[in-house]
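A closer look at the structure
Chain by chain, the residues run as shown.
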Amino acid sequence: MAFLLRKLAHGLLLILGVTLVSFLLMVYFGPDQTYNLLGKNATAAQIQEIHQQLGYDRAFTSRYIDYLHDLFTLQLGASNSNGEKVIDLLWRSLPITLALMLPGFIIGNLLGAGLGMLAAWHRNRRLDRLISGVSATGMSISFLIIVIVLQVLLCTPQGLNLFPARGWQVTDLPSYLYYVTVPTLSLVFITLGYNTRFFRAVFVEELGREHIRTVRAFGASPAQIMGRHVLKNSLPAVLTRVLFSIPLVIVTGSLVLETFFGIPGIGKVSFDATTNGDQPVLQAVVALTAVLFVVMQTLADLAYRLADPRVA
Amino acid sequence: MPGFEPTHRVWQKLRANRAGLAGFALVSLYGLIALSVALGWAGQEWSLVSGERWESASSEHWFGTNQLGQDIFQRAIYSVRIAFEIGLLVALTSTLLGSVCGAISGWCADTWADDGVVFITGVLDSIPFYLFAAAVAFAFQASAWAMQIAMVATFWTTTSRLVRAEVMRLKNRDFVQSALAIGLPPHLVLLRHVLPNTGHILLAQAAMVFVAAIKTEVILSFLGLGVQDGVSWGLMLAESTQEVLVSQFNNHLAAAIPLLLLLLGFNLMIDALQDALDPRQGSA
Amino acid sequence: MSPTAEDPVLAVQDLRVTLPSRQGRLAVVDGVSLELRAGEILGLVGESGCGKSMTGAALLGIAPGPSGQVSSTAMRLGDLDLAQLDERGWRRIRGSRISMVFQEPQTALDPVFSVGNQLQEVIRRHRQFNRRQARTAAADMLASVGFADCARVMRCYPHELSGGIRQRILIAMAMVCHPQVLVADEPTTALDVTTQAQILHLLRDLARRSGTAVLLITHDLAIVEAICDRAMVMYCGRISEEGPTRALMQYPRHPYTAGLLAAMPRLSPGQVEPVKGIPGSVPAPGQRPPGCSFSKRCERADDLCRSQVPVLHGADPAMPAAVHRHACHHPLVHPIGSVTA
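For clarity, every value in this text was computed on a predicted model and none was experimentally measured.

**Topic: the domain arrangement of chain A**
Residue and element names in this part refer to chain A. Segmentation of chain A into domains returns domain 1 (2-58) and domain 2 (91-143 + 181-307). Computed from C-alpha coordinates alone, the two centres of domain 1 and domain 2 are separated by 33 Å. The interface is formed by twelve residues belonging to domain 1 together with 13 residues belonging to domain 2. Here domain 1 and domain 2 share an interface that buries about 1,200 Å² over both sides, 78% of which is from carbon and sulfur atoms. Taken together, the links from domain 1 to domain 2 amount to one salt bridge. With a closest N to O distance of 3.1 Å, Lys7 and Asp301 form a salt bridge.

Below, the structure written as structure tokens:
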């Protein structure tokens, strides 16, 4: 219980930290929004009024507290570019992002775990060298190149032209598969090298432990060693990584993939906000993902405790 | 025993690693190209419009020309310099920042200084990088350094955390404790006995930051947050996203292949470095 | 009960374990032959790096690392020919007919499973037991290694238990399928002295009660003296001397054995001579001299020792295992009448 409270307090402190950073960058030291809102020919009175509205004339702490209040009551304001409420915008685009990223995220992790397991079991033999070599090469290829090549190969007349190059008109399962396949493949390829390397390292470490020698001496088969002893022991590390990577994949992955494939999810929304200087949207995305990340971190700590009897 | 192995053993191990040597050779080659661009011997005509739109490869334009009629080879070569500029600047700055903060934090473990550093790294690690970059770019709208600032601000945390852990480990070792016991001032012990023993971490970490910086530049330039005026592989790839749809692949290949080879070279080199420098691994 | 001339449960001829190196394959275990009889405890003694642990692992068909190789001219467990076994066959034997206990009880148990869970895992792998039967068998085994509150111990996780208790549990795991042979690799090295004695007595009791033959690997002659019926001294992958414990300790024939004995601290009244070490150190595999591998550290060595490998004297398969044999060209001589064999 004391542990739970300590973790929660730590999480709250981190949330204060990340919101402070985003407040400083996006609001306090951010560019003056006055002329964006009023145009060039504003009168002094108008400027005065808008400054008051935006809080430019108030003290740092009171502005930060207001900012926090707005953030946690989800009063995120409206987009500068089309006036849509930011909360509606996010609520509309989040499911799309999840539907887009989830299959690739799951397949990428499962495939990485499988390959990492194979490589770890055959450590320093030919299969391991092959898998490690391929994943090192995979890690050396920029995301962008993978996405471009897959798009050309699968979505254009120069290639197989099986899937759409852009867009997201999903109504039912076939249309979902039609639009999700190439982004999913891209995500799997992008992450596979990193995943394989991570899982291999974790499994190699676990396989080197002495209790593995014990179960081997008591007759366990490779499947039993891997499936029971190695997997359960590596669970904390794996859970931590998977939970940590959820916000990263949702935001970072979708930023590139959605921009590239023209899919209206969180990533595209953030990209548009960046290019348009749409402060309310960008600020909401930055702060909310950071908060989500802290929440995941706290969850990972808790999961760690559940999975490992030693720290209970 | 200090954690650093005798240098000749490290060299022996490095030399035995053929993949690592190939990586090192590749990186050195790129380094030479970057240097000759910086000295003005090559790649100087990257912005010159010297031909028609989308000329194919010829003796005049080795890789053809782009949408604007600029020579793709010149641009690809010049991009090597940009990549090294960004990589070196970000790697050096974040290694310096990370090692100083990590050393202080590890040496003064469980004091307010340590808590502060750990808290700051925790906060910075909690903000997804590309969004952080977007926020920095937003805050420093006028500055061409937004990208580098964002990279350093996020990349130093890993170095700091690693150095902190290593310094804490070394601090309890006998050779450090005995140096303190005979009355050497703590800052001298830290500088002379502890920090040199984190060298293997710093070297590998700096190389990894270099790689991360180059890869990140590509994505940021594609998103319009990267190199502002100039050319880079990222900008070339961003240009090429439209061109490949009309079967113009020169720009894409001229950026993708050099980028791939450089990163591959670096990754092979880093693996070899880590193997050779890791004091925990015996020679067996 | 002293060992008799009945048929051995485990008989190994000319066991070799080789590892690849720059100079070709190196034999880290080089022609070890041994026999174990039901209920007897055989000590395998040597300095670290002499190949005794690899010998022990090889008896379970476990080679050191992926490129190590184990071979022998004959290897029989009762009526089973171990030399013919493939990996699947070995897995059926390990933990059920030949078992092993390791040096580090701190790390030898899986930290994320409870004690009962790990014990039952072994039972259910080798026996067609249902959950209830496995539980009962596990509890019975724990009782027979001296636990009073078996149900509580079964619920514990390894980190909640002390080193001595964990070693007891490992012994229970190793013995739960009533193996014919138990290899105990330095089972007490990591424990404090009082716990050591308890564990050693437990091993001896189990061997006597269940008829399991124990190969006790150790560097400590005091342990051999305390509980072993016979002892083998190993140096650089070869057996240099073997025989009944008492004969070997009182009348060592091989200079290496004598050196080990002299290096053994004794707290007997009247003994004032200082403990002597053996000069030099064990040569690494690949740097062993031709001839007798002890020749560089031996003050009795001559040209014969440096050129010709001494064979284990009296190494005649027809001779009873109780015989005292040695592999030395110039063995120590003891007064007539004092030598047993």
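**Let's talk about the domain arrangement of chain C**
Residue and element names in this part refer to chain C. For chain C, the assigned domains are domain 1 (10-228) and domain 2 (238-266 + 273-278 + 285-326). Between the C-alpha centres of domain 1 and domain 2 the distance comes to 26 Å. Together, the buried faces of domain 1 and domain 2 total about 1,400 Å²; carbon and sulfur atoms form 56% of this surface. It is Glu47, Leu221 and Glu225 that lose the most area in domain 1 upon contact with domain 2, and together they represent 36% of the buried surface on that side. Applying the counting criterion to the domain 1 and domain 2 interface returns two salt bridges. Note that Arg297 is salt-bridged to Glu47, the shortest N-O span being 3.4 Å. Tallying contributions element by element places strand S2 (residues 24-36) first for the side of domain 1 that touches domain 2, with seven residues.

**Considerations on the interface of chain A and chain C**
Counting from both sides, the interface comprises 22 residues of chain A and, opposite them, 29 residues of chain C. Interface of chain A and chain C: buried area, both sides summed, is about 2,300 Å²; carbon and sulfur atoms make up 59% of it. Taken together, chain A and chain C are joined by one salt bridge. Applying the counting criterion to the chain A and chain C interface returns 13 residue pairs in polar contact (both at pLDDT 80 or more). If one sorts the elements of the side of chain A that touches chain C by residue count, helix H9 (residues 210-217) of chain A sits on top with seven residues. Taken together, the residues of the side of chain A that touches chain C break down into seven nonpolar, seven polar and eight charged.

**Here we look at the state of the cysteines**
As enumerated under the stated definition, the model contains zero disulfides over all chains in all. No disulfide involves Cys156 of chain C; its nearest neighbouring cysteine sulfur is the one of Cys150 of chain C, lying 12 Å away.

**Some words on the packing of helix H10 (residues 222-261) of chain A against helix H11 (residues 266-276) of chain A**
All names here are of chain A. Across the interface, H10 lies against H11 with an axial gap of 7 Å and an inter-helix angle of 85 degrees. Regarding the angle of H10 to H11, the classification is roughly perpendicular. Taken together, the residues of H11 that come into contact with H10 (itself represented by Ser254, Leu255, Glu258 and Thr259) are Ile266, Gly267, Lys268, Ser270 and Phe271. Residues belonging to the contact of H10 with H11 are distributed by class as follows: three nonpolar, four polar and two charged.

**Concerning the nonpolar core**
By size, the foremost hydrophobic cluster in this structure holds 128 residues, and its most contacted members are Phe132, Met151, Trp233 and Leu237 of chain B. Discounting residues that sit within four places of it in the chain, Leu237 of chain B has contacts with Leu144, Ile145 and Ile148 of chain A together with Val218, His252, Ala255, Ala256 and Leu259 of chain B. By size, the runner-up hydrophobic cluster in this structure holds 99 residues, among which are Leu10, Leu34, Cys177 and Met232 of chain C.

**Quick word on the sheet that holds strand S3 (residues 41-45) of chain C**
The pairing of strands in a sheet comes from backbone hydrogen bonds and takes either a parallel or an antiparallel form. All names here are of chain C. In space, the seven strands of this open sheet follow the order S7-S8-S9-S3-S10-S11-S12, with mixed pairing throughout. What marks the edges here is a single partner per strand, and that holds for strand S7 (98-101) and strand S12 (325-326). Pairing of strand S8 (residues 181-185) with strand S9 (residues 213-218), which is carried by five bridges, proceeds in the parallel orientation. Looking across to S9, one finds that Asp185 is bridged to Ile217. Each of S7 and S8 touches helix H7 (residues 163-175); the most contacted strand, S7, lies at about 170 degrees to it. Set on the sheet, helix H11 (residues 255-262) makes contact with strand S10 (230-235) and strand S11 (238-244); between it and S10 the angle comes to about 105 degrees.

Cut-offs applied
Residues numbered from 1 in each chain as written. Chains lettered and ligands numbered in written order. Predicted model: local features only at pLDDT ≥ 70, side-chain atom pairs only at ≥ 80, totals over all residues. Heavy atoms only, no water. Domains from an automatic or database assignment. Contact = heavy atoms within 4.5 Å. Buried area = accessible area lost by both parts, 1.4 Å probe. Salt bridge = Lys/Arg side-chain N within 4 Å of Asp/Glu carboxyl O. Helix = DSSP H or I, 4+ residues; strand = E, 2+ residues; numbered from the N terminus. Polar contact = N/O pair within 3.5 Å; in protein donor to acceptor, adjacent residues only side chain to side chain. Nonpolar A, V, L, I, M, F, W, Y, C, P; charged D, E, K, R; others polar. Disulfide = S-S within 2.5 Å. Axes fitted to C-alpha atoms, helices over the stretch in contact; angles between N-to-C directions. Parallel < 35°, antiparallel > 145°, perpendicular 65-115°, else oblique. Core = buried A, V, L, I, M, F, W, Y, C linked by side-chain atoms within 4.5 Å. Buried < 20%, exposed > 50% of the residue type's maximum accessible area, 1.4 Å probe, protein only. Pairing = 2+ DSSP bridges.

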